[in-house]
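Examining the three-dimensional arrangement
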Amino acid sequence: MRYKNSIALKVIFFGLVLILFQSCFVAKNYERPEVLDEAHFRTDLLPQDSSSLGDLSWRDLFKDAFLTAHIERALENNIDIRIALEQLEIANAYYRQGRAGYFPTLSARGQVTHQELSANSQFGSFFSGGITQYELTATMAWEADIWGKIRSTKRASQAAYLQTAAAHQGVKTQLIAGVSTLYYQLLMLDAQLELVNQTIKNRETSYETTQALKDAGLVTAVAVKQTEAQLLTAKLLKIDIERNIVLAENMFSILLGETPRKVERSKLEEQILPEELEAGYPASLLSNRPDVMAAEFRLREAFELTNVARSQFYPSLGISATSGFQSLEADLLLNPNSIFANFVGSLTQPIFNGRRIRTEYEASKSRQEIALLQFRQALLTASREVSDALYSYQATVEKIDIKNREFEAYTLAVEYSEELLNYGLANYLEVLTARENTLNSGVQLRILQFEKLQSVVELYRALGGGRE
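Computed from a prediction, not measured in an experiment: that's the story for all the values here.

The rules we used
- Residues numbered from 1 in each chain as written.
- Predicted model: local features only at pLDDT ≥ 70, side-chain atom pairs only at ≥ 80, totals over all residues.
- Heavy atoms only, no water.
- Helix = DSSP H or I, 4+ residues; strand = E, 2+ residues; numbered from the N terminus.
- Buried < 20%, exposed > 50% of the residue type's maximum accessible area, 1.4 Å probe, protein only.
- Contact = heavy atoms within 4.5 Å.
- Areas by Shrake-Rupley, 256 points an atom, 1.4 Å probe, with all protein chains shown as cover.
- Salt bridge = Lys/Arg side-chain N within 4 Å of Asp/Glu carboxyl O.
- Polar contact = N/O pair within 3.5 Å; in protein donor to acceptor, adjacent residues only side chain to side chain.
- Phe/Tyr/Trp six-rings, centres within 6.5 Å; stacked < 30°, edge-to-face > 60°.
- Pairing = 2+ DSSP bridges.
- Axes fitted to C-alpha atoms, helices over the stretch in contact; angles between N-to-C directions.
- Parallel < 35°, antiparallel > 145°, perpendicular 65-115°, else oblique.
- Left-handed = near helix turned anticlockwise from the far one by under 90°.
- Expected span 1.5 Å × (residues − 1).
- pLDDT = per-residue confidence, 0-100.
- Core = buried A, V, L, I, M, F, W, Y, C linked by side-chain atoms within 4.5 Å.
- Arc of directions from axis to C-beta.
- Patch = residues over 30% accessible without salt bridge, like charges linked within 9 Å, V, L, I, M, F, W, Y side chains within 5 Å.
- Lys, Arg positive; Asp, Glu negative; His and termini not counted.
- Charge placed at Lys NZ, Arg CZ, Asp CG, Glu CD.
- Nonpolar A, V, L, I, M, F, W, Y, C, P; charged D, E, K, R; others polar.

Okay, the overall build of the protein next. A tally of helices and strands in the protein yields 10 helices and four strands. When its helices and strands are written in sequence order, the protein yields α-α-α-α-β-β-α-α-α-α-β-β-α-α. For the protein, the residues scored as buried account for 39% of the 468 residues in total. Contacts in the protein between residues at least 24 apart in sequence constitute 83% of all its contacts with a sequence separation of at least 6. Surface summary for the protein: the accessible area is close to 27000 Å², and the carbon and sulfur share equals 56%.

Our next topic: the pattern of salt bridges. Pairs can form between side chains of opposite charge whenever their charged atoms are close. Under the defined criterion, the tally for this structure stands at 20 salt bridges. A salt bridge links Glu385 to Arg289; its shortest N-O distance comes to 2.7 Å. With a gap of 96 residues between them, Glu385 in helix 9 (residues 356-422) and Arg289 in the loop between helix 7 (282-287) and helix 8 (290-311) connect regions that are remote in the sequence. Taking the relative accessible area as the measure of exposure, Glu385 reaches 14% and is therefore buried. Since its relative accessible area comes to 2%, Arg289 is described here as buried.

When you line up the elements, Ser383 lands in helix 9. Overall, Ser383 belongs to the buried group, its relative accessible area being 17%. A distance of 2.8 Å separates the side chain of Ser383 from the backbone oxygen of Leu380, its partner in a polar contact.

Right, let's talk about the packing of aromatic side chains for a bit. Within this structure, the stated rule accounts for five aromatic pairs. Taken together, a centroid distance of 6.2 Å and an interplanar angle of 85° make the contact between Phe62 and Tyr460 edge-to-face. Note that Phe62 is positioned in the loop between helix 2 (58-61) and helix 3 (65-77) and Tyr460 in helix 10 (residues 428-462), a separation of 398 residues in sequence. For Phe62, a relative accessible area of 4% puts it in the buried group. Relative to Phe252, the ring of Tyr183 has its centre 6.4 Å away and its plane inclined at 45°; by these criteria the two rings are tilted. Taken together, the residues span a long stretch of sequence, with Tyr183 in helix 5 (residues 149-215) and Phe252 in helix 6 (residues 221-255) at a distance of 69 residues. Taking relative accessible area as the criterion, Phe252 reaches 1% and is therefore assigned buried. Among the aromatic residues, ring-to-ring pairing joins Tyr183, Tyr184 and Phe252 into one connected group.

Strand order in this open sheet of four strands is 1-2-3-4, and the pairing throughout is antiparallel. Taken across any chain shown, the strands that pair with only one partner, and hence form the sheet edges, are strand 1 (105-116) and strand 4 (339-348). For this sheet, the mean angle separating the axes of adjacent strands, direction not counted, is 20°. Judged from the 11 bridges that link them, strand 2 (residues 130-144) and strand 3 (residues 316-327) form a sheet pairing that is antiparallel. Bridge pairing in strand 3 places Ala141 opposite Ser320.

With respect to the helices, strands and loops of the structure, Glu296 is situated in helix 8. For the pair Glu296 and Gln163, spaced 133 residues apart in the sequence, the C-alpha separation amounts to 8.0 Å. The residues contacting Glu296, other than those within four sequence positions of it, are Tyr30, Arg32 and Phe375.

Below, the discussion takes up the packing of helix 5 against helix 8. Their axes nearest at 8 Å, the elements helix 5 and helix 8 cross at an angle of 165°. Between helix 5 and helix 8, the interaxial angle falls into the category roughly antiparallel. Note on packing geometry: the crossing formed by helix 5 with helix 8 is left-handed.

So, about helix 5. Along its 67 residues, helix 5 runs 97 Å from first to last C-alpha, staying within 8% of the 99 Å computed at 1.5 Å per residue. Gly217 sits one or two positions beyond helix 5 and adopts a positive phi of about 80°.

Scored by pLDDT, the protein has a mean of 82; 84% of the residues are at 70 or more. The spread of mean pLDDT over the elements of the protein runs between helix 1 (residues 2-22), the lowest at 51, and helix 3, the highest at 94.

By size, the foremost hydrophobic cluster in this structure holds 48 residues, and its most contacted members are Phe62, Ile71, Val179, Tyr184 and Phe252. Counting residues per element, this core draws most heavily on helix 5, at 16 residues. Counting residues in hydrophobic clusters, the runner-up holds 13 residues, among them Ala295, Ala371, Ala378 and Leu379.

What follows deals with the side chain of Glu135. Assignment of secondary structure puts Glu135 in strand 2. Separated by 2.8 Å, the side chains of Glu135 and Gln133 make a polar contact. Non-local contacts of Glu135, meaning those with residues more than four positions away in its chain, are made with Arg109, Gly110, Gln111, Phe325, Gln326 and Leu333.

With 21 residues, helix 4 (residues 79-99) extends 31 Å between its outermost C-alpha atoms, agreeing within 8% with the 30 Å of an ideal straight helix rising 1.5 Å per residue. Turning to helix 4, its buried residues number three or more, namely Ile81, Ala84, Leu88, Ala91, Asn92, Tyr95 and Gly98. Seen end-on, helix 4 carries its buried residues on one side only, within an arc spanning 110°. Among the exposed residues of helix 4, those pointing more than 90 degrees away from its buried face are Glu86, Tyr94 and Gln97. Against helix 3 and helix 5 lie the buried residues of helix 4.

It is worth spelling out a positive patch on the surface at this point. A grouping of Arg96, Arg99, Lys154, Arg155 and Arg300 is seen on the molecular surface, where their side chains present a positively charged patch. For the positive patch, the secondary-structure elements that each account for two or more residues are helix 4 and helix 5. Tracing the backbone through its elements, the reader meets Arg99 in helix 4.

With that out of the way, let us pick up the packing of helix 5 against helix 6. Taken N-terminus to C-terminus, the directions of helix 5 and helix 6 make an angle of 160°; their axes are 8 Å apart at the nearest point. Looking at the two axes, helix 5 sits roughly antiparallel to helix 6. In the packing of helix 5 onto helix 6, the handedness of the crossing is left-handed. Along the lines of polarity and charge, the residues of the contact of helix 5 with helix 6 split into 22 nonpolar, 10 polar and nine charged.

Listed below in structure tokens is the structure:
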């Protein structure tokens, strides 16, 4: 009885020592570094508003029913998304393992040991032949987190999980931007094809008219051939546009995780955009970016792993307990007299280990510095992409206004020159030039309309948009 009380007192004393030591952490706490001066951001186009385009759900930004249905299918079926989800599951498994670091380990073992003894040995003189021992044991071990190693390991695994989650969100953001951009490109190609088809129809009529004018002696055969050449040029352009449509549809289908097929869609002129593009303040402007978040979580993981490496220099304090049954006879194994138990407390201080601990610590500090530089690079890239998207949108809006007026001017020029030609008051070269300019201007106008939509999508992506 006195022996058992002595053991209990030792365990209680050892536990109190462990609790006392656990308050002595050497691990540092992470603080977000200031790596950029926001005063130097080129954000003079940003409305001073707390809201941001990146905070919008993609369902609120995109009003086209066909597009939203395509995005839903892409988020469900896209191969990259499914790979990212599996990577998230892997990170979650490691995160759950990191959370279990504070708990003791428990293992059970059943064992039969047979030993043949030498007759001339110490035990062989007492036991003839051999000894068979039966064991059924359970062992529990626990390490005190004196220096914060387990805590830092847990936080590192949490940062790794959050980094993977941010990377998954980044894949979603890129996918939504890719699907919407390619969708708008298809609408642009459709609008160009519609313009070219109308141009071909008009030029076929002009070709017939030119032949009639030649028969009437008002124009030469050169004018007829030039009109025919313009008609053939428009037909070649139609072939190119139709080819680009098929290629774009094939690529679009792959983004949706489907085999190449025709894509259902609306029209370019039916698209609705936000009237004002709000990006918010510079700080919030970058905080939503999945790549920026992933870079900072990578930095936090490296920071915590540096804490872990630093803690290896200090002694580790552990406790283990083993209990179970031991017997030389199998039928007496579960007898109360076969019960045994032992408790072990250990304090281990590394002294010479081939410089492994110092090498790992130095390497971990360098990895932390690399993560810091990558975080800064992510912020720099984010600020540039937001600035690019804002200025591109503004420039495209201004260019569309000018291109609309140019297209209207060329259209009127065609009408006037053809009317003057019918009265013999214009050179046919003027008519040809006006027609060609009108077609080129119309095609470029539709490209600008696409670029306007694309710049909105790019700004949404640059601001970290893509939420449900």
